[in-house]
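# Observations on the model geometry
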Amino acid sequence: MQTIYRPGQWYLIVIPGALVALPPDVPGDVVARLWERMPEEKTLATVVDVLTAHAGGSFTSLPSFVAAVAEGADVRIALRGTVSAQVATPTDSFELSGAEVTTWNERFLSGASKIEITVEAPTDADGLPVQSGIVRAAAVSAELEPSDADPLTSVLGPSPVVGTVPSEPGLPEAVAAEPVVSDSEAKPEPEAKPEPEPDPEPEPEPEPDPEPEAEEPLPLIEDAFLPPTEVTLAPPVDDDFDQLWGATVHSVGGAAPVVPVPVEGDHDGATVSAADLRALRQQPPVANDAPTEVLDVAPAPAVASVGRIRLSTGQVAALDRTVIIGRRPRSTRASGANLPHLIAVESPQQDISRSHLEVRPEGDTVVVIDLHTTNGSTLLRPGADPVRLHPGEQTLVLSGDVVDLGDGVTVAFEDLP
């Protein structure tokens, strides 16, 4: 993207395939947050998320801005406030303005080749080129290229690492400069003559070690039994059985001999003698006609209503499990009996993502999650301002709420618990 800007007061963020202009009264941390997120999430939704978070979720508190993002050979642009833009395509030229709008003016233009943005009256200063960075500008013009929609990692390379710059090969390493000493300090002080050390005293001769006394022989114990000691065996490092019980196997050297327990008489306690068998046969049989207690069966608890969703396309789904809505919805987390409902909707303008919205029952509540979509989702609640869903975050919904997916498709919630 060939970009030329004219100096001014507005912040202008320039990265390959994206331009974002913000007024000078926007805090610097908002500009820095956009600069950090845009390389990874180069979408118009990223700009809207950062600005709405700064405005506390209120659309009326949003600052003026212009944001243009390349999507393949097309461009998606949004304007708010007294700003203007001109977008050229192979067949036509479009004049866009952000004035007199409630939220912002958003357009999707196919085959755009050039973008000119004006945020304030430009000065007579010459235009300056910029490839990537943050500058102060009054107007900007950009020639679009097919590579503008490529991921930024292939264009800008890895993020720079702040630290010591390594020396080039073949050059000697830098030597720390020695401190400069004045003439008055350079004169060394006269060294004190060391005093002579006294002669060391002679070490006393070591006393001879006493001769060890003769040890008395241990008494011989006949028929003694020593229990085997425990032995710890460490298997090899590459043993395949490490994943089962760690790196050490604990075992004993051998099984201790079983000492027989003397039993009085000829009965070992585990065998039924003939006398016991005759006594069992003489016992009267147990009656098998004993009365049986009848237990009442408790009635099954009533199943609470799980609620349902109704799409503007006419589709209805019960919220007995998770529901995923999109142009081509899919799920990789559930399996077996917990497979979610997948509802596909049409999106001629491609405003709806493949997997756009997840509706998930959580106990006696229902939450919705925007699945990191390009254009986002908006929660419409009677008597409240519209709220844009934060990507990947759960938002509680109530009966009567409506979620706008874009392209005229809405999801209404009915009979929620």
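A quick note: this is a predicted structure, and the numbers were derived from the prediction, not measured.

Reading the values: the criteria
- Residues numbered from 1 in each chain as written.
- Predicted model: local features only at pLDDT ≥ 70, side-chain atom pairs only at ≥ 80, totals over all residues.
- Heavy atoms only, no water.
- Pairing = 2+ DSSP bridges.
- Helix = DSSP H or I, 4+ residues; strand = E, 2+ residues; numbered from the N terminus.
- Axes fitted to C-alpha atoms, helices over the stretch in contact; angles between N-to-C directions.
- Buried < 20%, exposed > 50% of the residue type's maximum accessible area, 1.4 Å probe, protein only.
- Parallel < 35°, antiparallel > 145°, perpendicular 65-115°, else oblique.
- Left-handed = near helix turned anticlockwise from the far one by under 90°.
- Contact = heavy atoms within 4.5 Å.
- Nonpolar A, V, L, I, M, F, W, Y, C, P; charged D, E, K, R; others polar.
- Phe/Tyr/Trp six-rings, centres within 6.5 Å; stacked < 30°, edge-to-face > 60°.
- Lys NZ or Arg CZ within 6 Å of the ring centre and 35° of its normal.
- Core = buried A, V, L, I, M, F, W, Y, C linked by side-chain atoms within 4.5 Å.
- 1 Å grid on protein atoms, 1.4 Å probe; cavity = no way out; pocket = protein on both sides within 12 Å on 5 of 7 lines; lining within 4 Å.
- Points joined across faces, edges and corners; volume = space filled by probe spheres on them.

## What to know about the sheet that holds strand 17 (residues 365-370)
- Taken in spatial order, the five strands of this open sheet run 15-14-16-17-20, and their pairing is mixed. Whereas interior strands pair on both sides, the edge strands pair on one side only; in this sheet they are strand 15 (341-344) and strand 20 (394-397). Mean inter-strand twist for the sheet, computed between neighbouring axes without regard to direction, equals 25°.
- Pairing of strand 14 (residues 323-326) with strand 16 (residues 357-362) involves three bridges; the strand directions are antiparallel. Across the sheet, the residue bridging to Ile 324 is Glu 358, located in strand 16.

## A word on the sheet that holds strand 13 (residues 316-318)
- Strand order across the open sheet formed by six strands is 13-12-22-21-18-19, with antiparallel pairing between neighbours. Two strands bound the open sheet, and with one partner strand each, they are strand 13 and strand 19 (387-388).
- Inspection of the sheet shows strand 18 (residues 378-380) paired to strand 21 (residues 402-406) by three bridges, in the antiparallel sense. Its bridge partner lying in strand 21, Leu 380 is registered against Val 402.

## Some details on unusual backbone geometry
- The phi torsion at Glu 100 lies on the positive side, around 60°, for a residue other than glycine.
- The topology assignment puts Glu 100 in the loop between strand 5 (93-98) and strand 6 (105-109).

## A few points about the pairing of strand 7 (residues 114-118)
- With burial as the criterion, only one face of strand 7 is covered, namely that bearing Ile 115 and Ile 117; the residues Lys 114, Glu 116 and Thr 118 on the opposite face remain uncovered.
- Taken together, the five bridges between strand 4 (residues 74-88) and strand 7 define a ladder with antiparallel strand orientation. Paired with Gln 86 across the bridge in strand 7 is Glu 116.

## Thoughts on the packing of helix 1 (residues 28-37) against helix 2 (residues 44-54)
- Where helix 1 meets helix 2, the axes come as close as 10 Å, and the angle between the chain directions of the two elements is 155°. One finds that helix 1 runs roughly antiparallel with respect to helix 2. For the crossing formed where helix 1 meets helix 2, the hand is right-handed. Here helix 1 contributes Val 30, Arg 33, Leu 34 and Arg 37 to the contact with helix 2, which in turn contributes Thr 46, Val 47, Asp 49, Val 50, Leu 51 and His 54.
- Residue composition of the contact of helix 1 with helix 2, grouped by class: five nonpolar, two polar and three charged.

## Some words on the environment of Asp 385
- Mapped onto the secondary structure, Asp 385 falls in the loop between strand 18 and strand 19.
- For Asp 385, a relative accessible area of 62% corresponds to the exposed category.
- Sequence separation between Asp 385 and Gly 57 is 328 residues; the distance between their C-alpha atoms is 9.6 Å.

## Some words on the packing of aromatic side chains
- Applying the stated rule across the entire model yields one aromatic pair.
- In this structure, Arg 136 is placed above the aromatic ring of Tyr 11, and the distance from its NZ or CZ to the ring centre is 4.0 Å.

## Regarding the nonpolar core
- Among the nonpolar cores identified, the biggest contains 27 residues, and Leu 12, Ile 77 and Ile 117 are the most heavily contacted of them.
- Top contributing element to this core by residue count: strand 4, with six residues.
- Once you skip the residues sitting within four places of it in the chain, Ile 77 turns out to touch Ala 67, Ala 68, Ala 85, Val 87, Leu 96, Asn 105, Glu 106 and Arg 107.
- Listed in part, the 24 residues of the second largest apolar core include Tyr 11, Val 47, Val 50 and Ala 67.

## Remarks on the side chain of Arg 388
- Looking at where Arg 388 falls in the secondary structure, it is placed in strand 19.
- You can call Arg 388 buried: its relative accessible area is 14%.
- Arg 388 has contacts with Ala 45, Val 48, Asp 49, Phe 59, Trp 104, Asn 375, Gly 376, Ser 377 and Thr 378, leaving out every residue within four places of it along the chain.

## What about empty space enclosed by the protein?
- Across all of its chains, the model carries two cavities of 30 Å³ or more by this definition.
- For the largest cavity, the calculated volume is near 50 Å³.
- Those elements giving two or more residues to the lining of the largest cavity turn out to be strand 1 (2-15), strand 7 and strand 9 (133-143).
- Looking at the lining of the largest cavity, the element that brings in the most residues is strand 9, giving four residues.
- The class makeup of the residues in the lining of the largest cavity is nine nonpolar, one polar and no charged.
- Along its surface, the second largest cavity is lined by Met 1, Gly 17, Ala 18, Leu 19, Ala 68, Val 69, Ala 70, Val 75, Ile 115 and Leu 144.
- Breaking the lining of the second largest cavity down by element, the ones donating at least two residues are strand 2 (18-22) and strand 3 (65-71).
- Ranked by the residues each element gives to the lining of the second largest cavity, the list is headed by strand 3, at three residues.
- Classifying every residue of the lining of the second largest cavity by side-chain character gives nine nonpolar, one polar and no charged.

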